[in-house]
Amino acid sequence: MTGPRIQPGVLDIAPYVPGLSSAPTDRRLVKMSSNETPLGTSPRAVEAYLGSRETLHRYPDGAAVQLRAAIGDRYGLDPERIVCGNGSDDLLYLLATAYAGSGDEVLFAKHSFAIYEIAAQSVGAVPVIAPACMLGSDVDSLLNHAGPNTRICYLANPNNPTGTFLSSDEVGRLRKGLPDSVLLVIDAAYAEYVRREDYSDGIELVDCHDNVVVTRTFSKIYGLAALRLGWLYGPPKLVDALNRIRCPFNANGAAQAAGVAALGDTNFIDAAVAHNEQWLPWLENEFKNIGLTVHPSIANFVLIEFDHSPPRSAAEVYNYLLGNGVIGRELNGYGLPDCLRFSVGLKEDNRLLVDLMTRYFKADE
Ligand SMILES: Cc1ncc(COP(=O)(O)O)c(C=O)c1O
């Protein structure tokens, strides 16, 4: 064979399949496939974004000083221990690059966020998938699958796509049980939505241990998914390593400006939390009333399990909804072919979804 050689394993990677965002139809589409906030973006963030057009010809601040200071202020953290990225995906990949290599193992639970597997494979590491318990990450299962070659354990908490979570005690037990040589990456992309006493995003573990890092995002409750902005809080050595290998301008100028403004708009965030607190349980109850199997979620989306075979399988329901203007999320790639995930939408969108489901499932009763 001639030509440049692609690294072994790269062509074995199954590309990430994002939630569908459009369909060939004239009707208004309701997108409930990517766990974005239905409330749009804070007007203050939009204004800051528009203001950034004055400096489009300039490189942004590669150290994201103002943004890190604003994150530090908002969450009570030392800005020196924060790294920003082009979405938290960027940071998840960078962690794989910094901590894992050819032949190493990267551990995560079944049905957890798809990027972990791709990030592991992209650096030549072997993904090790620990069986889940009730669709959620299970500490004993993860610990049983950690071995001498494990370098990273990714934990989505809450988990996407299942909406399950590990309590702070359980995450503490996981950290304690993992060898010191394993980096525990706590991916808390949905932390802002969670209202449970027994949940923590894990930041307190970072303060006490040098093998824990927490990643967060502006893509969900902050409504900045298109701008691609994430951050992590980690031990000084990790921060130093990532600052050496990241692209020098991996958080763009518009994203930094909008991010700072979004952090300051607490009314917008409070409204988003209140909206979710109202509509997540509403959706869960309505689906249960229809007789569907609903997996409890603490995030901004809900997972529903359907019959394994037609006429009411997940694939059929998905197509029916799509034909009626509602985009859900198919989960074949997550080992959940009988499930669909729906993000909490606006009031009218949630009602439309439930109306359509009711019509579909009650049709021949
Ligand atoms: C658990 C989890 N982590 C990370 C991400 C990626 O977020 P970002 O948009 O910051 O790259 C997502 C996005 O869906 C997610 O669900």
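Just so it is clear, the model here is predicted, and its values are computed rather than measured.

**Let's talk about the pairing of strand 10 (residues 301-305)**
Residues in a regular strand point their side chains to alternate faces of the sheet.
Then, in step 1: Burial analysis of strand 10 places four of its five residues in the buried class, the great majority of the element.
Then, in step 2: Sheet topology note: the strand 9 (residues 293-295)/strand 10 ladder contains three bridges and is antiparallel. Bridge pairing in strand 10 links V294 to I304.
Then, in step 3: Taking the residues that link successive antiparallel strands as the turn, the strand 9-strand 10 hairpin has five residues.
Then, in step 4: The pairing of strand 10 with strand 13 (residues 339-343) spans five bridges and is classified as antiparallel. Note on strand 13: the bridge partner recorded for L303 is R341.

**Quick look at the layout of surface pockets**
Then, in step 1: Empty space within the largest pocket amounts to approximately 560 Å³.
Then, in step 2: Sorting the residues of the lining of the largest pocket by element identifies strand 3 (105-109), helix 4 (115-122) and strand 12 (329-330) as the ones contributing at least two each.
Then, in step 3: Along the lines of polarity and charge, the residues of the lining of the largest pocket split into 15 nonpolar, eight polar and five charged.
Then, in step 4: By volume, the second largest pocket amounts to about 440 Å³.
Then, in step 5: Surrounding the second largest pocket, 27 residues form its lining, Y16, S34, D89, F113 and K220 being those nearest its centre.
Then, in step 6: A total of four residues in the lining of the second largest pocket trace back to one element, the largest contributor, which is helix 3 (residues 87-99).
Then, in step 7: For the lining of the second largest pocket, a count of residues per class yields ten nonpolar, nine polar and eight charged.

**What about the environment of D12?**
Then, in step 1: Take D12: it is sitting in the segment before strand 1 (30-31).
Then, in step 2: Its relative accessible area of 63% is what places D12 among the exposed residues.

**Examining the packing of helix 11 (residues 314-323) against helix 12 (residues 347-362)**
Then, in step 1: Close contact between helix 11 and helix 12 brings their axes to 11 Å; oriented N to C, the two are set at 125 degrees. Judged by the angle between their axes, helix 11 and helix 12 are oblique. In the packing of helix 11 onto helix 12, the handedness of the crossing is right-handed. Mapping the contact onto sequence places E316, V317, Y320 and L321 in helix 11 and L353, L356, M357, R359, Y360 and F361 in helix 12.
Then, in step 2: Its residues assigned to classes, the contact of helix 11 with helix 12 comprises eight nonpolar, no polar and two charged.

**Some words on the site of the ligand**
Then, in step 1: In the vicinity of the ligand, the contacting residues are G87, S88, D89, F113, N160, D187, A189, Y190, T217, S219, K220 and R228.
Then, in step 2: For the ligand, an oxygen atom lies 2.5 Å from a polar atom in the side chain of T217.
Then, in step 3: Between S219 and the ligand, the recorded distance is 2.6 Å, taken from a side-chain N or O atom to an oxygen atom.
Then, in step 4: Contact with the protein chains hides 94% of the accessible area of the ligand, taken as 400 Å² for the molecule alone.

**So, the pairing of strand 3**
Then, in step 1: Summarising burial for strand 3: four of the five residues are buried, a large majority.
Then, in step 2: Of the pairings in the sheet, the one linking strand 3 to strand 4 (residues 126-130) comprises five bridges and is parallel in character. Residue pairing for strand 4: E105 is matched across the bridge by V126.
Then, in step 3: Between strand 3 and its parallel partner strand 4, the chain crosses via helix 4, and the hand of that crossover is right-handed.
Then, in step 4: Bridge count for strand 3 against strand 5 (residues 150-156) is three bridges, and the pairing is parallel. Residue pairing for strand 5: L107 is matched across the bridge by C153.

**Observations regarding the pattern of salt bridges**
Then, in step 1: By the definition in use, this model includes eleven salt bridges.
Then, in step 2: D89 is the salt-bridge partner of R228, the closest N and O atoms lying 3.7 Å from each other. Residue R228 is found in the loop between strand 7 (212-217) and strand 8 (230-233), and its partner D89 is found in helix 3; the two are separated by 139 residues along the sequence.
Then, in step 3: Since its relative accessible area comes to 27%, R228 is described here as partly exposed.
Then, in step 4: In the salt-bridge network here, residues are joined through shared partners; they are D140, E170 and R173.

So, how was this worked out
- Residues numbered from 1 in each chain as written.
- Predicted model: local features only at pLDDT ≥ 70, side-chain atom pairs only at ≥ 80, totals over all residues.
- Heavy atoms only, no water.
- Buried < 20%, exposed > 50% of the residue type's maximum accessible area, 1.4 Å probe, protein only.
- Helix = DSSP H or I, 4+ residues; strand = E, 2+ residues; numbered from the N terminus.
- Pairing = 2+ DSSP bridges.
- 1 Å grid on protein atoms, 1.4 Å probe; cavity = no way out; pocket = protein on both sides within 12 Å on 5 of 7 lines; lining within 4 Å.
- Points joined across faces, edges and corners; volume = space filled by probe spheres on them.
- Nonpolar A, V, L, I, M, F, W, Y, C, P; charged D, E, K, R; others polar.
- Axes fitted to C-alpha atoms, helices over the stretch in contact; angles between N-to-C directions.
- Parallel < 35°, antiparallel > 145°, perpendicular 65-115°, else oblique.
- Left-handed = near helix turned anticlockwise from the far one by under 90°.
- Contact = heavy atoms within 4.5 Å.
- Near = heavy atom within 4 Å.
- Polar contact = N/O pair within 3.5 Å; in protein donor to acceptor, adjacent residues only side chain to side chain.
- Areas by Shrake-Rupley, 256 points an atom, 1.4 Å probe, with all protein chains shown as cover.
- Right-handed = clockwise from strand over helix to strand, strands pointing away.
- Salt bridge = Lys/Arg side-chain N within 4 Å of Asp/Glu carboxyl O.

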